[in-house]
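Structural characterization, general
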Amino acid sequence: MCVKHVPDIQSERALGPDGRLVRDGGDGTINELDENAVEAAVVLAEQTRDAGGDAEVVVVTVGPDDAEDAVRRGLQLGADAAVHVLDDDVAGSDVFGTATVLAAVLRRIGDVALVVTGMAGLDGLTSLLPAALADLLDLPQLTLAASVALADGTVTVRRDLDHATEVLSAPLPALVSVTDRANEPRYPNFQGIMAARKKPVETLTLADLGVDPATVGAAGARTEVVEAAPRPPRTDRVLVSDDGEAGRRLAAWLVERELVRTTPATGEVL
């Protein structure tokens, strides 16, 4: 399964002069949605083992030195092993470059029955990686899953859409991306944290994977940030101190801007 190390979403984020996200402006962390993916993979592995089968959860990430923290977190959450692709030529990769590297890792691991990812990375929020990775691996993709189940060589997911619920199935091997509704990630206990320190993290380079550096990183990116500027501060904010009339003043402000409707006869807010 694939995880990503992202800047803390509570920190101040910005693009540098090279158009890339500044990743040293605060503490990084595992992408929050990837914790749901780890939980889904670990639960499925536990169920497979309970049924007498063999299953191993391997967490994979691509990124600089700090990205190891993401797979270490995955190990704390119950994964069995980890792979970290660490190579300067990966810097500046867009979603296609990242998918290329991840696909090479998964081919190297071999015999992968199910690839699990989060629905999106909270730094870029493109939600494109699962589809790009499935395409490179020629796998059926079941995305935005709110639940995942395995049975008889088939993976089945439930999608909760705005006005409908879909149930989709595909034969293994397959790729699934999960939403934050899929589960509640477990909180690692002290024993799990200590055990994670002894689990292996394999570090690989592009040469190890047979990936041409020209196809990834900034050199192989299909997208480019041409220009970026900080969002200007808002100047139209109105601070209201509640002296007992704040509710009425807020209602009047909303009516004035036609953000709520009132009855013609009485002026009552609908």
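Rules used throughout
Residues numbered from 1 in each chain as written. Predicted model: local features only at pLDDT ≥ 70, side-chain atom pairs only at ≥ 80, totals over all residues. Heavy atoms only, no water. Pairing = 2+ DSSP bridges. Helix = DSSP H or I, 4+ residues; strand = E, 2+ residues; numbered from the N terminus. Axes fitted to C-alpha atoms, helices over the stretch in contact; angles between N-to-C directions. Parallel < 35°, antiparallel > 145°, perpendicular 65-115°, else oblique. Left-handed = near helix turned anticlockwise from the far one by under 90°. Contact = heavy atoms within 4.5 Å. Nonpolar A, V, L, I, M, F, W, Y, C, P; charged D, E, K, R; others polar. Core = buried A, V, L, I, M, F, W, Y, C linked by side-chain atoms within 4.5 Å. Buried < 20%, exposed > 50% of the residue type's maximum accessible area, 1.4 Å probe, protein only. Phe/Tyr/Trp six-rings, centres within 6.5 Å; stacked < 30°, edge-to-face > 60°. Lys NZ or Arg CZ within 6 Å of the ring centre and 35° of its normal.

1. Considerations on the sheet that holds strand β9 (residues 165-171)
As summarised here, the arrangement of the 3 strands in space is β7-β8-β9, forming an open sheet in which the pairing is antiparallel. Two strands in the sheet have a free side with no partner beyond their single neighbour: β7 (147-151) and β9. Between one strand axis and the next, the sheet turns by 20° as a mean value, whatever way the strands run. Pairing geometry for β7 and strand β8 (residues 154-160), over 5 bridges, is antiparallel.

2. Some thoughts on the packing of helix α3 (residues 95-109) against helix α4 (residues 129-137)
A pair of packed helices is captured by two measures, namely the crossing angle of their axes and the spacing between those axes. For the pair α3 and α4, interaxial distance at closest approach is 9 Å and the crossing angle is 50°. For the element pair α3 / α4, the angle class is oblique. Handedness of the crossing formed by α3 with α4: right-handed. Contact with α3, carried on its side by Val95, Thr98, Ala99, Thr100, Leu102, Ala103, Leu106 and Arg107, involves Leu129, Ala132, Leu133, Leu136 and Leu137 of α4 and no other residues of that element. Tallied by class, the residues present in the contact of α3 with α4 amount to 10 nonpolar, 2 polar and 1 charged.

3. Here's the deal with the side chain of Asn31
Residue placement: Asn31 occurs in the loop between β2 (28-30) and α1 (32-50). Leaving out residues up to four positions away in the same chain, Asn31 has contacts with Lys4, Val6, Ala120, Gly121 and Leu122.

4. Structural notes on the nonpolar core
By size, the foremost hydrophobic cluster in this structure holds 30 residues, and its most contacted members are Met1, Val3, Val59, Val155 and Val176. Element by element, the count of residues in this core is highest for α1, at 7 residues. Leaving out residues up to four positions away in the same chain, Val59 has contacts with Met1, Val3, Val38, Val71, Gly74, Ala79, Ala81, Ala82 and Val83. The next biggest cluster of nonpolar side chains, apart from the first, holds 25 residues, and it includes Cys2, Val85, Leu102 and Val115.

5. A closer look at the packing of aromatic side chains
A full pass over the atoms with the stated rule returns 0 aromatic pairs. Between Arg222 and the ring centre of Phe96, over which it is positioned, the NZ or CZ distance is 4.2 Å.

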